[in-house]
Amino acid sequence: MDEDSVRRHLERAVELATANVAEGGGPFGAVVVMPDGTMFEGTNRVTRDNDPTAHAEVVAIRRAAAGTGDFDLHGAVLYTSCEPCPLCLSAALWARVSAVYFAADRHDAAAAGFDDAAFYEYFDRGDRSLMPVARSEFAEKMAPFDAWAAFEARIEY
């Protein structure tokens, strides 16, 4: 990816983020650029939509998937105004986005009041004190997977 292209798309992500603040959203913007140059934009809509998953990157990925009619965004590049949090990075991985470029980093976000350090530590250290996650024994645990394996019209992902 050439530097001019990266800069141009990051500028757009930052413009979206800045404008979103005036519209009552969080200071985050993102752009997904498909291999053919088609662009899909997203801004943080967490407080506006009362949706804790409506981060700018997730919104842009949702729009790209809907706009292309495909959940597999292989070849796409995600440009975002700030380093993707674990939620957004996971969404990009699940979408098969090929590369991510960001402007501000997690420390810049923390200085502005958006501190995700506890989330990074949750994954980095395996410390489950923030939110316990535990497996419970359940006899029918394989029923959904068995149904999936038997369903001939399934779409692999």
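About the cut-offs
Residues numbered from 1 in each chain as written. Predicted model: local features only at pLDDT ≥ 70, side-chain atom pairs only at ≥ 80, totals over all residues. Heavy atoms only, no water. Helix = DSSP H or I, 4+ residues; strand = E, 2+ residues; numbered from the N terminus. Contact = heavy atoms within 4.5 Å. Salt bridge = Lys/Arg side-chain N within 4 Å of Asp/Glu carboxyl O. Buried < 20%, exposed > 50% of the residue type's maximum accessible area, 1.4 Å probe, protein only. Core = buried A, V, L, I, M, F, W, Y, C linked by side-chain atoms within 4.5 Å.

Under the annotation held in an unreviewed UniProt entry, the chain carries the name Nucleoside deaminase and is attributed to Sinomonas terricola.

## A look at the environment of Arg12
Tracing the sequence through the fold places Arg12 in helix α1 (residues 3–22). Beyond its immediate chain neighbours, meaning those up to four positions away, Arg12 contacts Val31 and Glu41.

## Some words on the pattern of salt bridges
All chains considered together, the criterion is met by nine salt bridges. We note a salt bridge from Glu15 to Arg12, for which the minimum N-O separation is 3.2 Å. Remark: Arg12 and Glu15 occur in helix α1; sequence separation between them is three residues, near one turn of the helix. Classification of Glu15 as partly exposed rests on a relative accessible area of 46%. Arg154 is paired through a salt bridge with Glu156; the nearest N and O atoms lie 2.7 Å apart. The class for Glu156 is exposed, based on a relative accessible area of 53%. The structure contains a network of salt bridges with shared partners spanning Arg12, Glu15 and Glu41.

## Details of the nonpolar core
The tendency in soluble globular proteins is for nonpolar side chains to be buried as a group. Ranked by internal contacts, the top residues of the largest apolar core, which has 22 residues, are Val32, Met34, Ile61, Leu73, Leu78 and Val97. For this core, the secondary structure elements donating two or more residues are β1 (29–33), α3 (56–68), β3 (77–82) and α4 (86–94). Per-element accounting of this core gives the leading share, five residues, to α3. For Leu73, the residues in contact, after removing those within four places along its chain, are Met34, Ile61, Ala64, Ala65, Thr68, Ala95, Arg96 and Val97. Ranked by size, the runner-up nonpolar core spans eight residues in total, among them Val6, Ala13, Leu16 and Val77.

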